[in-house]
Amino acid sequence: MRQVITAQQMRDAEQRVFDAEPDVDLMGRAARAVAKIAEGVAPSGPVLVAVGPGNNGGDGLFAAAHLADHRPVTVWLAMGKGHEAGLAAARAAGCHVVDAVAAAAALGDAALVIDAVTGLGSRPELPTTTATFAEACEASAVPVLSVDLPSGLDADSGQVHDSFRAQHTVTFAALKACHVQEPAASRCGQVHVVDIGVPVPQDEGQAVRQADEADVARWWPRPDATSDKYSRGVVMLDTGSEHYQGAALLTVAGALNAGAGMVRYTGRVHSGLVLSRFPSVVVGEGRAQAMVLGSGWGDTDGAEGRVANARLHGLPAVVDANALYALPQGRLDGWLLTPHAGELSRMLGCSRSHVQTEPVSCAREVARTTGAAVLLKGATQYVAEPSGRVTIAVPGPNWTAQAGSGDVLAGICGTLLAAGLPAWRAGVVGASIQAMTAARNPGPYPPDALAARLPEVIGSLLA
Ligand SMILES: NC(=O)C1=CN([C@@H]2O[C@H](COP(=O)(O)OP(=O)(O)OC[C@H]3O[C@@H](n4cnc5c(N)ncnc54)[C@H](OP(=O)(O)O)[C@@H]3O)[C@@H](O)[C@H]2O)[C@@H](O)CC1
Ligand SMILES: Nc1ncnc2c1ncn2[C@@H]1O[C@H](COP(=O)(O)OP(=O)(O)O)[C@@H](O)[C@H]1O
Ligand SMILES: [K+]
């Protein structure tokens with residue numbers, strides 16, 4: 001699990017270090033890390049460093065000084081000025097300081113661009129010369145290494161503005177939102193988090209973290225010698241409708257391929273259809289540990305009653321699609337809601353674009369008011385708990401953006417709930433395993449084909 005902190009948390013943490021040790025050279029440590037990673041990305045050839053007026057530029061200038069020790073380094077002061085001591089060090093080391101026209105020309109020969117224009121202090125709308133240079137870098141084949149974040153992005157947001165597109169980003173102490181939240185995350189390339197001796201703040205209640213594959217392996221429920229089909233977890237699916245029969249099959253595919261002890265089907269799709277594809281399914285209600293509701297219901301009647309029925313069973317439920325609009329009164333402790341941005345915006349009565357701009361606070365709001373965990377689906381998948389803690393799932397390729405992926409995911413999460421995982425963890429692990437399966441099977445696999453690949457991915461993960 002990796003912590004995601006805000007620019008303000010980083011500045012506060014840095015201040016605490018300075019308070020305790022006024023002479024500490026954090027910029028020196030940051031610059032050495034940048035230079036080291038630059039050597040790894042492009043071991044030889046000229047380096048072009050675009051430098052801004054603040055401390056991000058300072059990191060870039062001291063890194064330039066290190067690199068100029070043994071290779072040609074050109075420095076462009078993108079906003080006409082740069083960190084004083086850093087600029088002196090760069091000049092003393094032999095860096096060639098140039099204007100915008102010469103910088104654009106130097107791009108043609110560069111083995112690497114270091115983007116040190118803006119970092120934590122970055123605000124949207126780069127000056128035109130810098131935006132034009134960033135575009136030229138993107139159009140060229142020259143790799144870009146961004147210091148802290150691709151200049152032009154906002155550290156605390158996943159939104160994209162005019163900015164550099166990096167192949168590598170070096171950041172300090174901990175990840176920031178722009179490194180993990182799409183669409184900004186895609187502009188960061190590979191993110192290297194470097195320890196520069198600034199302890200990361202631990203803010204458990206309101207923390208944002210990102211899960212990794214090791215977390216998924218640790219949390220995945222494994223059967224043992226004492227297991228039977230009931231103890232592994234029975235999941236009851238009320239999914240699909242006459243209009244959306246496939247949703248029944250897709251939720252069953254997700255649940256079975258994630259390793260349910262038993263899948264019961266209680267939805268309105270003809271049982272013969274389900275059994276012809278999945279003969280191990282048991283039709284009708286019975287003993288179960290979790291339910292899945294809503295996938296493929298469409299706007300069929302009786303949604304409130306069907307969700308209330310789950311409440312009567314006293315079972316935790318995965319609530320998807322139209323069932324999200326039929327939630328019963330009262331706290332839904334132990335339940336997992338799985339909206340995409342459009343569904344979450346309808347639940348909140350706000351616009352979809354608001355959810356896309358503020359995904360973390362929107363997911364938190366619904367978790368707080370319902371008592372359920374909320375898995376907000378999309379290119380980045382957020383799981384918010386009623387406490388305010390948010391965990392981002394392991395990311396995957398965008399091929400899973402297709403009809404039916406959400407149905408498979410609801411089934412996977414149902415199996416995990418039935419196996420006894422707390423709702424938030426079922427959401428994180430379910431979303432992560434689907435992304436990991438897509439990553440290990442690149443290409444446009446339809447959701448049922450990807451669901452069929454879950455067992456081999458789970459098997460290799462736990463081997
Ligand atoms: N804090 C730490 O722990 C550590 C921090 N370190 C480093 O310091 C960096 C933060 O430095 P920072 O605070 O000086 O801000 P920085 O990102 O250089 O930008 C500020 C300048 O850019 C300007 N500017 C911004 N956007 C603009 C735009 N769109 N268009 C035009 N101008 C724009 C802005 O102008 P203003 O908004 O004031 O008008 C201001 O002049 C951090 O990312 C890391 O690299 C490490 O050395 C060690 C540990
Ligand atoms: N840009 C994206 N990249 C990767 N996966 C995505 C992206 N957008 C959506 N998804 C995935 O697609 C699914 C969307 O769910 P949903 O819209 O409910 O689908 P459906 O209802 O058709 O099954 C989720 O599983 C989510 O993980
Ligand atoms: K930068």
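Owing to the predicted nature of the structure, the values given are computational and were not obtained by experimental measurement. (Residues numbered from 1 in each chain as written. Chains lettered and ligands numbered in written order. Predicted model: local features only at pLDDT ≥ 70, side-chain atom pairs only at ≥ 80, totals over all residues. Heavy atoms only, no water.)

## Structural notes on the pattern of salt bridges
Here is step 1: In total, this model carries nine salt bridges according to the counting rule given.
Here is step 2: Ionic pairing is found between R165 and E138, a salt bridge with its closest N-O pair at 2.9 Å. A residue pair is termed long-range when its members are at least 10 positions apart, and R165 in the loop between β6 (144-147) and β7 (168-172) and E138 in helix α6 (residues 128-139) qualify at 27 residues.
Here is step 3: Close ionic contact of R440 with E213 constitutes a salt bridge, the shortest N to O distance being 2.9 Å. Pair noted here: R440 is in helix α17 (residues 423-440) and E213 is in helix α8 (residues 213-219), with a separation of 227 residues, a long-range link. (Salt bridge = Lys/Arg side-chain N within 4 Å of Asp/Glu carboxyl O. Helix = DSSP H or I, 4+ residues; strand = E, 2+ residues; numbered from the N terminus.)

## Notes on the domain arrangement of the protein
Accessible area lost on assembly of the parts is the figure often given for the size of an interface.
Here is step 1: We note that the domain assignment places domain 1 (2-202) and domain 2 (213-462) within the protein.
Here is step 2: The C-alpha centroid of domain 2 is placed 40 Å from the C-alpha centroid of domain 1.
Here is step 3: Of the roughly 460 Å² buried at the junction of domain 1 and domain 2 (both faces included), carbon and sulfur atoms supply 50%.
Here is step 4: Joining domain 1 to domain 2, the criterion identifies zero salt bridges.
Here is step 5: Taken together, domain 1 and domain 2 are joined by three residue pairs in polar contact (both at pLDDT 80 or more). (Domains from an automatic or database assignment. Buried area = accessible area lost by both parts, 1.4 Å probe. Polar contact = N/O pair within 3.5 Å; in protein donor to acceptor, adjacent residues only side chain to side chain.)

## Overview of the sheet that holds strand β17 (residues 382-384)
Think of a sheet as strands paired side by side through backbone hydrogen bonds, with each pair either parallel or antiparallel.
Here is step 1: Pairing is mixed in the open sheet, where eleven strands are placed in the order β1-β9-β18-β17-β16-β15-β14-β13-β10-β11-β12. Only two strands of the sheet have a single neighbouring strand rather than two, namely β1 (2-4) and β12 (282-283).
Here is step 2: With three bridges joining them, strand β13 (residues 290-293) and strand β14 (residues 317-319) adopt parallel strand pairing. Bridge assignment links L293 to a residue of β14, and that residue is V319.
Here is step 3: Sheet strands touched by helix α10 (residues 245-257): β10 (234-238) and β11 (262-265). Its angle to β11, the strand with the most contacts, is close to 165°.
Here is step 4: Strands β9 (208-210), β15 (336-337), β16 (373-376), β17 and β18 (390-392) of the sheet are contacted by α17, whose axis makes an angle of about 20° with β16. (Pairing = 2+ DSSP bridges. Contact = heavy atoms within 4.5 Å. Axes fitted to C-alpha atoms, helices over the stretch in contact; angles between N-to-C directions.)

## A short note on the site of ligand 1
Here is step 1: In the vicinity of ligand 1 there are 23 residues, among which D59, G119, L120, R123 and D148 approach most closely.
Here is step 2: N56 places a polar side-chain atom, nitrogen or oxygen, 2.9 Å from an oxygen atom of ligand 1.
Here is step 3: At a separation of 2.9 Å, an oxygen atom of ligand 1 approaches a polar backbone atom of G121.
Here is step 4: Given that more than half its atoms are within 2 Å of the pocket grid, ligand 1 belongs to the second largest pocket.
Here is step 5: For the shell around ligand 1, the elements supplying multiple residues, two or more each, are α1 (7-20) and α3 (55-68). (Near = heavy atom within 4 Å. 1 Å grid on protein atoms, 1.4 Å probe; cavity = no way out; pocket = protein on both sides within 12 Å on 5 of 7 lines; lining within 4 Å. Sits in = over half its atoms within 2 Å of the grid points.)

## Describing the sheet that holds strand β3 (residues 73-77)
Here is step 1: Taken together, seven strands build an open sheet; the order of strands is β4-β3-β2-β5-β6-β7-β8 and the sheet is parallel. Unpaired on one side and paired on the other, β4 (96-98) and β8 (190-194) mark the two borders of the sheet. On average, each strand axis in the sheet is tilted by 20° relative to the strand beside it, whichever way the strands run.
Here is step 2: Here three bridges tie β3 to β4, and the two strands are oriented parallel to one another. Paired with V75 across the two strands is V97, which belongs to β4.

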